[in-house]
Every structure is written in C-alpha cells, then in structure tokens.
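What follows is the residue order along each chain.
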Amino acid sequence: MFNIFKRGIDKKLLQEVDPANLPRHVGIIMDGNGRWAEKRGLPRTAGHRAGAQNLKTITEFAGQMGIPYITAYAFSTENWKRPKEEVDALMQLLLDYLRDKDQLAGKNVTIRVIGDRSALSDEINREIDVIEDYTKDRDGMVLYLAINYGGRQEIVRGVNNLCRRVQQGELEPGDVTEAMLSAEVYTRDVPEADLIIRPSGELRLSNFLLWQSAYSEFWFSDINWPDFSTKDFTQAILDYQNRNRRFGGR
Ligand code: FPP
C-alpha cells in the first residue's frame, strides 16, 4: 500500500498506519532549529537551513502517505523581535526556498503561503506569486507555508472583513456566525487542523492556527525539528489514530 523505500524509514511502523483514518490537515511548528545548531557549535542559521531541508523530507513523506494538507509555521508575526541578522537570514532562506521551484516537483505538491504579506519584501512577494502559480495545478498535497503568520492577526483580519460587510449593510450586527469567520481565515478552503505537531520540548501553541485548532489533537516531542524524522512523523500519525476524538460529545 505504501511505496516508500527510503533509508531510515521503518516500514513495519508504516504498515500499522490506517490509510482510512489519516489526519486531513497537519500543522507543524518547526521548533528547535537554534538548539539543534548550538548543540553542534554551528550558527543558528545552520539550524534553520537544516529545518527547511527537513520540511521537504517530511512533506514528501506525508504526501506519499496520503495526507492532503500540511501547514508549516515558517515565520511568526512575533519573529521580527529576533536579532536583525537572524531575521535577515530567515528571509534569505525563505527566498532561496521559494526560488527553488522544483524542490518538490514530481511530488505533486502545491505550495501556498498564508500570513500578512504586506510586511514582506517585494522580492519575497514576487517569488510567492511565482511559486503559487507554478504549482497551482498539481493535484497532490498542499503545503501551506505560514510566513509572517499569527493566529490572532488572522482572526482580527477576518473580523475586520466582516465589520466592513456590516458597514455596507450586507450583514446585521449580531448575525455573524462561526461559519462566516471560518470563511475568512487564510485556510478557508481546508479542513481544520486534525493534528498539530510541535517538536523540541515546548508545550504551547505560540499563536499558530488558533481558530483552526479548536478540536486539534496535539503531539509533542523533545526532538529538535531538524532531527524530526519520517519515523517520528509516522509515530505521530499512529498516536493520532489511537486517540478518541469526541468533539465535545461522549
Ligand atoms: C523555531 O526554531 C523556528 C523558527 C522561528 C523558524 C522556522 C523556520 C525554518 C524551519 C526555516 C525557514 C522555513 C522555510 C520553509 C524556508 P528556533 O529558532 O526558535 O529554535 P530554538 O527554540 O531552538 O532557538
């Protein structure tokens, strides 16, 4: 059923995965890049580069497993507070990543970017347009890259859009529904996050997919993101499949 013969993949573990009960949307907080690098005496940027590389590996693997949507937290609305050199290095890495258009070619991955693009450089904005257009007709999985993304910013943006509709007389105050706000978030075309993975030992959401995570299952581990392997990903899926999701019912 799974045609994956990559080094380091535990095929036995993979065979335990139930293809009929896969999460439709997996959110990933790619944390621990800095610590990964520091442990090796490398600059933090080397950790981010290794993290970006690992996203390719995990995305490709998840696509082969049959997972339709991944959202990866690449740069948060709070990450601007980091030292300028680190922010610049992250922006350069993003640019290189977006320019490498065939990075996931043949893997049938559509790339979309979510977040507030107004603070990103013209160069990055141009490359986002190009890669989104270049990959738009692929019919495999979709990778959402969250860049200058914040869950609160996303909700406030949606609320403002609804306020405009009220002002234009299209909507009455008090008539706003959850479905209307769901239709305003960046991931409006995608199921809510079934599973959110955060490696590196931190146990928090850090403003990621706040609206979409109301009923998400969470999976944490101590592994730093660059070391997070296809085997770890498989384990996260298996653990997800063993959870009893009740959505508030019994
Ligand atoms: C958190 O690790 C990670 C980030 C702030 C950025 C994640 C970015 C990447 C993986 C690279 C850019 C992505 C792409 C797709 C090009 P941290 O730096 O906070 O690690 P630490 O907690 O160990 O210091």
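See above for the structure.
Just so we're clear, the structure is a prediction, and the values are computed from it rather than from any experiment.

Caption draft 1: Representation of the packing of helix α4 (residues 84-99) against helix α5 (residues 122-135). Where α4 contacts α5, the axes come no closer than 9 Å and their chain directions differ by 25 degrees. One finds that α4 runs roughly parallel with respect to α5. The hand of the α4/α5 crossing is left-handed. Along the contact surface, α4 presents M91, L95, L98 and R99, while α5 presents E123, I124, E127, I128 and I131. Of the residues assigned to the contact of α4 with α5, the class counts are 6 nonpolar, no polar and 3 charged.

Caption draft 2: Looking closely at the site of the ligand. In the vicinity of the ligand there are 20 residues, among which G34, R35, R44, H48 and R82 approach most closely. In the environment of the ligand, an oxygen atom lies 3.2 Å from a nitrogen or oxygen atom belonging to the backbone of N33. One of the side-chain N or O atoms of R44 is found 2.9 Å from an oxygen atom in the ligand. Contact with the protein chains removes 92% of the 620 Å² of surface that the ligand exposes when unbound. For the shell around the ligand, the elements supplying multiple residues, two or more each, are α2 (33-39), α3 (44-65), β2 (69-76) and α4. The element best represented in the shell around the ligand is α3, accounting for 5 residues.

Thresholds, definitions, all that
Residues numbered from 1 in each chain as written. Predicted model: local features only at pLDDT ≥ 70, side-chain atom pairs only at ≥ 80, totals over all residues. Heavy atoms only, no water. Axes fitted to C-alpha atoms, helices over the stretch in contact; angles between N-to-C directions. Helix = DSSP H or I, 4+ residues; strand = E, 2+ residues; numbered from the N terminus. Parallel < 35°, antiparallel > 145°, perpendicular 65-115°, else oblique. Left-handed = near helix turned anticlockwise from the far one by under 90°. Contact = heavy atoms within 4.5 Å. Nonpolar A, V, L, I, M, F, W, Y, C, P; charged D, E, K, R; others polar. Near = heavy atom within 4 Å. Polar contact = N/O pair within 3.5 Å; in protein donor to acceptor, adjacent residues only side chain to side chain. Areas by Shrake-Rupley, 256 points an atom, 1.4 Å probe, with all protein chains shown as cover.

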